[in-house]
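Topology and contacts: notes
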Amino acid sequence: MARVELRQLRYFLAVAEELNFGRAAERLLIAGPSLSQQIKALERDLGVRLFDRDRRSVSLTPAGAALLPHTRDLVERADDLKRRARRLGGSEPVRLGYVNWLPPDLAARTAAVAQLHVDAWVAPSHTQAARVADGSLDVAVCWVRTEDLARQGLKARLIGADRLYAVSTGADDSDVRVQDTTVLLDDDATSWASWNDFAQRLSGETGARTVRISDGGITGPAFFDHVRRSRRPVVNSPKGQTTPLPPDLVRRPLIGPKVYWTWSLVWRGGEERTAVRAVVDALTEGVGDLGINAPDAWLPDDDPYKR
């Protein structure tokens with residue numbers, strides 16, 4: 001029972017009310033497979049099966065039906081506690097900035113603890129961290145180094161991690177060793193400062209070859225053009241691709257080592273506002289290590305989460 005999370009109880013309620021995993025996942029703003037895994041974990045921790053399910057229907061088991069009113073009462077009391085804490089913390093909104101990634105269940109996690117305002121200015125990691133430090137933002141999701149946190153007086157918790165991959169021409173989509181890849185560095189050090197720092201460290205520690213570019217081709221169609229001109233697979237950045245992968249290119253997992261880019265939730269070290277601390281707790285609860293501490297995982301030496 002010590003492992004049962006309030007979030008899982010909310011998931012149980014949603015499925016019990018919808019009796020459909022797809023609709024419950026949409027309501028909770030999470031992926032269907034993730035919801036199913038969390039329900040299985042809850043059933044395992046409680047020691048009972050909560051739902052009978054097949055391809056066409058979902059129904060509560062007798063144990064699930066018996067536990068439902070108690071679960072609803074627990075969640076309602078937890079929500080009341082959060083509302084009381086929110087009133088104590090005041091009604092000022094919490095301002096959140098980001099680079100290009102946010103947790104898919106952001107709204108569901110924070111709705112009960114604060115008025116969250118997602119800032120419309122999407123900026124590079126180092127810019128968003130600096131905005132938190134100077135008070136322009138309260139929290140931000142970004143990539144940071146240990147030295148950034150110390151220099152700017154920030155604190156951080158792990159909120160997400162991307163396992164990077166390579167893109168290459170042809171039909172071979174097998175694993176590729178990092179030392180056999182190319183990683184791009186952009187001359188625009190303002191926009192790509194964090195990625196350039198990460199990429200240089202990756203190259204220095206794994207033997208990946210660096211290629212300097214000046215056309216913003218870290219992402220987008222220009223990135224695909226660099227892949228076509230390269231004799232090696234090219235490492236894809238965590239900035240992501242909004243353009244679908246062309247049919248003449250393939251995605252290849254990186255191995256030897258597996259390469260991870262971490263996303264931190266950062267806030268000011270001296271932050272005293274209850275609402276801000278509540279948002280931090282809500283967004284980082286139950287995150288885990290996301291695979292970054294596996295024996296074959298790679299992080300830069302000054303990543304805050306490297307052990």
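Described below are features of the structure shown in this document.

Conventions adopted
Every chain is numbered on its own, with residues counted from 1 as its sequence reads. The predicted origin of the model limits local features to residues at a pLDDT of at least 70 and limits the giving and counting of side-chain atom pairs to 80 or more, whereas totals for whole chains, interfaces and linings rest on all residues. Water and hydrogen atoms were dropped before computing side-chain values, which therefore reflect all heavy atoms in the structure. Helix and strand assignments come from DSSP, with helices taken as H or I runs of at least 4 residues and strands as E runs of at least 2, each series counted from the N terminus. To sort residues, take the accessible area from a 1.4 Å probe on protein chains only and compare it with the maximum for the residue type: under 20% means buried, over 50% means exposed, and anything in between is partly exposed. Only heavy atoms enter the contact rule, under which two residues are in contact if any of them lie within 4.5 Å. To obtain the arc, one takes the directions from the helix axis to the C-beta atoms. Nitrogen and oxygen atoms within 3.5 Å of one another constitute a polar contact, given that in protein one can donate a hydrogen and the other can accept it, and given that sequence-neighbouring residues count only through two side-chain atoms. Throughout this description, the term nonpolar core refers to a set of buried Ala, Val, Leu, Ile, Met, Phe, Trp, Tyr and Cys residues connected via side-chain atoms within 4.5 Å. Expected helix span is taken as 1.5 Å per residue step, with the number of steps being one fewer than the number of residues. Think of it this way: DSSP has to see at least two bridges between two strands before they count as a pair. When the strands point away from the viewer and the connection leading from the first strand across the helix to the second strand turns clockwise, the crossover is called right-handed. Every case where a carboxyl oxygen of Asp or Glu lies within 4 Å of a side-chain nitrogen of Lys or Arg is listed as a salt bridge. Two rings belonging to Phe, Tyr or Trp (six-membered ring only in the last case) form a pair when the distance between their centres is within 6.5 Å. Interplanar angles under 30 degrees mark stacking, angles over 60 mark edge-to-face geometry, and anything in between is tilted.

On the secondary structure map, A166 appears in strand β7 (residues 165-169). Owing to a relative accessible area of 0%, A166 belongs among the buried residues under this scheme. Separated by 70 residues in sequence, A166 and N236 have C-alpha atoms that sit 5.4 Å apart. Setting aside its immediate chain neighbours within four residues, A166 contacts V176, T181, P233, V234, V235, N236, V250, R251, R252 and L254.

Okay, helix α2 (residues 21-28) next. For α2, every residue scored as buried is listed here: F21, A24, A25 and L28. The buried residues of α2 occupy an angular sector of 100 degrees when the element is viewed end-on, so they sit on one face. Tucked inside the fold, the buried residues of α2 contact α1 (6-18), α3 (32-46), β1 (51-53), β2 (58-60) and α5 (106-110). N-capping of α2 is provided by N20, with a side-chain oxygen placed 2.9 Å from the backbone N of G22. Positive backbone phi, approximately 60 degrees, marks L29, located one or two places after α2.

In this section: the nonpolar core. Nonpolar side chains in soluble globular proteins tend to end up buried together. Residues V139, L164, W195, F198, L254, V259 and L265 are the most contacted members of the largest nonpolar core, which totals 55 residues. The contact partners of V259, leaving out residues within four places of it in the chain, are D162, R163, L164, V178, F198, L202, L254 and W298. Counting 21 residues, the second largest nonpolar core, distinct from the first, contains L13, V15, F21 and V58.

Below, the discussion takes up α1. In an α-helix, one turn spans 3.6 residues, which is why side chains three or four residues apart end up on the same side. Taking 1.5 Å per residue as the helical rise, α1 with its 13 residues ought to reach 18 Å, and the 19 Å between its terminal C-alpha atoms agrees with that figure. Looking only at α1, the buried set comprises R7, Q8, L9, Y11, F12, L13, A14, V15 and A16. At the C-terminal side of α1, L19 shows a positive phi close to 50 degrees.

This brings us to the pairing of strand β10 (residues 209-213). Of the strand pairs in this sheet, strand β9 (residues 182-186) and β10 are connected by five bridges, and their pairing is parallel. In the sheet register, L184 faces β10, and the bridge partner there is V211. With respect to chirality, the unit in which β9 leads through helix α8 (residues 193-206) into the neighbouring parallel β10 is right-handed.

All told, the structure shown has 28 salt bridges when counted by the stated rule. Salt-bridge contacts for R53 lead to E43; the nearest nitrogen and oxygen are separated by 3.0 Å. Taken together, the residues span a long stretch of sequence, with R53 in strand β1 and E43 in helix α3 at a distance of 10 residues. Residue class for R53 comes out partly exposed when judged on its relative accessible area of 32%. Measuring nitrogen to oxygen at the nearest pair gives 3.2 Å for the salt bridge that ties D302 to R201. Linking D302 in the segment after β14 (297-298) with R201 in helix α8, this pair joins segments that are 101 residues apart in sequence. Residue D302 is classed as buried on the basis of its relative accessible area, which comes to 13%. Connected through shared salt-bridge partners, R145, E147, D148, R151, D197, R201 and D302 make up one network.

The subject of this paragraph is the packing of aromatic side chains. Taken as a whole and assessed by the stated rule, the structure comprises 11 aromatic pairs. Aromatic pair F12 and F51: ring centres 5.6 Å apart, planes at 65 degrees, arrangement edge-to-face. Of this pair, F12 sits in helix α1 while F51 sits in strand β1, and the two are 39 residues apart along the sequence. Taken as a pair, F12 and F51 share a single burial class, namely buried. Relative to W263, the ring of W101 lies with its centre 6.3 Å away and its plane at 15 degrees, an arrangement referred to as stacked. Of this pair, W101 sits in the loop between β3 (94-98) and α5 while W263 sits in strand β13 (residues 258-268); the two residues are 162 residues apart in sequence, bridging distant segments of the chain. Through a chain of ring-to-ring contacts, three or more aromatic side chains come together here, namely W101, W143, W195, F198, W261, W263 and W298.

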